[in-house]
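Chains, contacts and geometry: an overview
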Amino acid sequence: MEKSEIEHYLRDIWVREFEKEEKMVVDEFNSEDIELLAKKEYITTDDGFVKLTETGERLGRSLVRKHRIAEKVVADLFLADMNEMEELADQIEHVMSEEVEENICRILGNPENCPHNNPIPKGNSSDGTNNGLNNEFSVPLVSCHSGESGEVSYIKTEDARKLRKIMNLGLIPGSRICLIQKFPNYVFQLGNTQLAVDKELANEIFIKLDE
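The shown structure was predicted, so the numbers you read here are calculated from the model rather than taken from an experiment.

Here we look at the pattern of salt bridges
Considering all chains together, one arrives at 10 salt bridges under this definition. The salt bridge involving E22 is made with R16; its shortest N-O contact spans 2.6 Å. Using a relative accessible area of 22% as the deciding quantity, one classes R16 as partly exposed. In this structure, K162 engages E204 in a salt bridge whose closest nitrogen and oxygen atoms are separated by 3.6 Å.

If you want it as structure tokens, here you go:
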């Protein structure tokens with residue numbers, strides 16, 4: 001069984017065990033596949049039921065998280081339909097590193113649900129949030145004062161067109177900006193370039209201000 005097949009198995013078992021709270025009997029599965037998963041210590045088959053081990057649960061949760069984040073990326077940035085979304089998400093999740101996963105979450109504003117409205121499981125960050133962000137220290141650009149500087153923390157929007165417009169300006173998490181003026185538009189310095197956005201967009205760009 002290939003790595004991608006193992007990952008699909010673990011993802012599906014995790015959803016059934018921890019979200020749907022199903023009891024899965026061994027006879028439901030291919031015996032060779034179950035033997036391999038048990039040998040790798042991802043599952044146990046005590047009393048004829050399939051259950052994830054601690055290692056299997058952690059990996060399964062991570063795989064479900066990556067898949068749903070990948071679905072969110074495909075739906076929001078590429079406007080793919082549901083069938084295309086599933087196919088592309090399957091491809092993306094298998095090559096998504098934890099660093100990429102975290103950066104995507106920051107770009108998308110730490111989403112809580114995938115396009116199917118299923119919850120995105122929490123990540124393994126020490127603060128318990130999905131991507132390690134401490135959002136309470138970030139403020140929308142509209143709340144900043146002229147002359148204040150900081151780092152773009154995340155983008156908080158459900159509108160794919162707005163998200164692409166913001167990203168096309170070069171505003172991605174980690175970008176450093178300085179607000180120059182707030183009226184009639186929000187003008188800020190990004191590197192050697194001055195850019196402007198309206199109030200609606202400025203309300204969806206969150207900044208961690210310099211102390």
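Next comes the rest of the description.
Considerations on the packing of aromatic side chains
Taken as a whole, this structure holds three aromatic pairs when the rule is applied. Plain terms: the ring middles of Y9 and F29 are 6.1 Å apart, the flat faces sit at 45 degrees to each other, and that makes the pair tilted. With Y9 in helix 1 (residues 3-19) and F29 in the loop between strand 1 (24-25) and helix 2 (31-39), this residue pair connects regions lying 20 residues apart in the sequence. A single burial state applies to Y9 and to F29, both of which are buried. The ring of F49 has K23 sitting right over it, with the charged end atom 5.9 Å from the ring centre.

Brief notes about the environment of I205
Along the polypeptide, I205 turns up in strand 9 (residues 205-209). Beyond its immediate stretch of four places on either side in the chain, I205 contacts V139, P140, L141, V152, Y154, I155, I166 and L171.

Thoughts on the sheet that holds strand 2 (residues 43-44)
Spatially, the three strands line up as an open sheet ordered 1-3-2, and their pairing is antiparallel. Across the chains shown, the open sheet's two edge strands, defined by having one partner strand only, are strand 1 and strand 2. The pairing of strand 1 with strand 3 (residues 49-52) spans two bridges and is classified as antiparallel. Paired with V25 across the bridge in strand 3 is F49.

Some words on the sheet that holds strand 4 (residues 139-140)
The antiparallel open sheet is built from six strands, whose spatial order is 4-9-5-6-7-8. Two strands bound the open sheet, and with one partner strand each, they are strand 4 and strand 8 (193-197). Here strand 6 (residues 176-181) runs beside strand 7 (residues 186-190); their pairing, made up of four bridges, is antiparallel. Its bridge partner lying in strand 7, Q181 is registered against V187.

Side note on the nonpolar core
Counting residues in hydrophobic clusters, the biggest one holds 29 residues, and the most contacted among them are L141, L171, I177, F188 and I205. Excluding residues that lie within four positions of it along the chain, I177 makes contacts with L141, E148, S149, G150, V152, L171, F188, Q189, L190 and I207. Residues L37, I43, V50 and L63 belong to the second largest nonpolar core, which totals 16 residues.

Points about unusual backbone geometry
Note the cis peptide between F183 and P184, where omega equals 5 degrees. Within the chain, E41 stands out as a residue other than glycine whose phi angle is a positive 65 degrees. Along the chain, E41 falls in the loop between helix 2 and strand 2. A positive phi angle is found at N117, which is not glycine, with a value near 70 degrees. Examined against the element boundaries, N117 turns out to sit in the loop between helix 5 (98-107) and strand 4.

Quick look at the confidence of the model for the protein chain
On average, residues of the protein chain score 87 in pLDDT, and 92% of them are at 70 or above. In the predicted structure, residues 126-134 sits below a pLDDT of 50 and forms 22 contacts with residues beyond four places in sequence or in another chain.

Re the pairing of strand 7
Burial analysis of strand 7 places four of its five residues in the buried class, the great majority of the element. Two successive antiparallel strands, strand 6 and strand 7, enclose a turn made up of four residues. Taking the residues between adjacent antiparallel strands as the criterion, strand 7 and strand 8 are bridged by two residues, where G191 takes a positive phi near 65 degrees.

Examining the side chain of E204
If you trace the backbone, E204 turns up in the loop between helix 7 (199-202) and strand 9. Excluding anything up to four places from it in sequence, E204 contacts Y154, I155, K156, T157 and K162.

Conventions we followed
- Counting restarts for each chain: residues are numbered from 1 in the order of the written sequence.
- Local features in this predicted model are restricted to residues whose pLDDT is 70 or higher, and side-chain atom pairs enter the listing and the counts only when it is 80 or higher, whereas totals over whole chains, interfaces and linings include all residues.
- Each side-chain value is derived from all of the structure's non-hydrogen atoms; neither hydrogens nor water enter the calculation.
- The term salt bridge refers to a side-chain nitrogen of Lys or Arg lying within 4 Å of a carboxyl oxygen of Asp or Glu.
- Under the scheme applied here, a residue whose accessible area is under 20% of the maximum for its type counts as buried, over 50% as exposed, and between as partly exposed, the area being computed with a 1.4 Å probe on protein chains only.
- Here is the rule: rings of Phe, Tyr and Trp (six-membered ring for Trp) pair when centre to centre is within 6.5 Å. Planes less than 30 degrees apart are stacked, more than 60 are edge-to-face, and the remainder are tilted.
- A helix here means a DSSP run of H or I that spans at least four residues, while a strand means a run of E at least two residues long, and both kinds are numbered starting from the N terminus.
- Criterion for a charge above a ring: Lys NZ or Arg CZ within 6 Å of the ring centre, and within 35 degrees of the ring normal.
- Contacts are assigned to residue pairs with any non-hydrogen atoms lying within 4.5 Å of each other.
- Pairing between two strands is assigned when DSSP locates at least 2 bridges connecting them.
- Nonpolar core, defined: a set of buried Ala, Val, Leu, Ile, Met, Phe, Trp, Tyr and Cys residues in which side-chain atoms within 4.5 Å join the residues together.
- The pLDDT value tells you how sure the predictor is about a given residue, anywhere from 0 up to 100.

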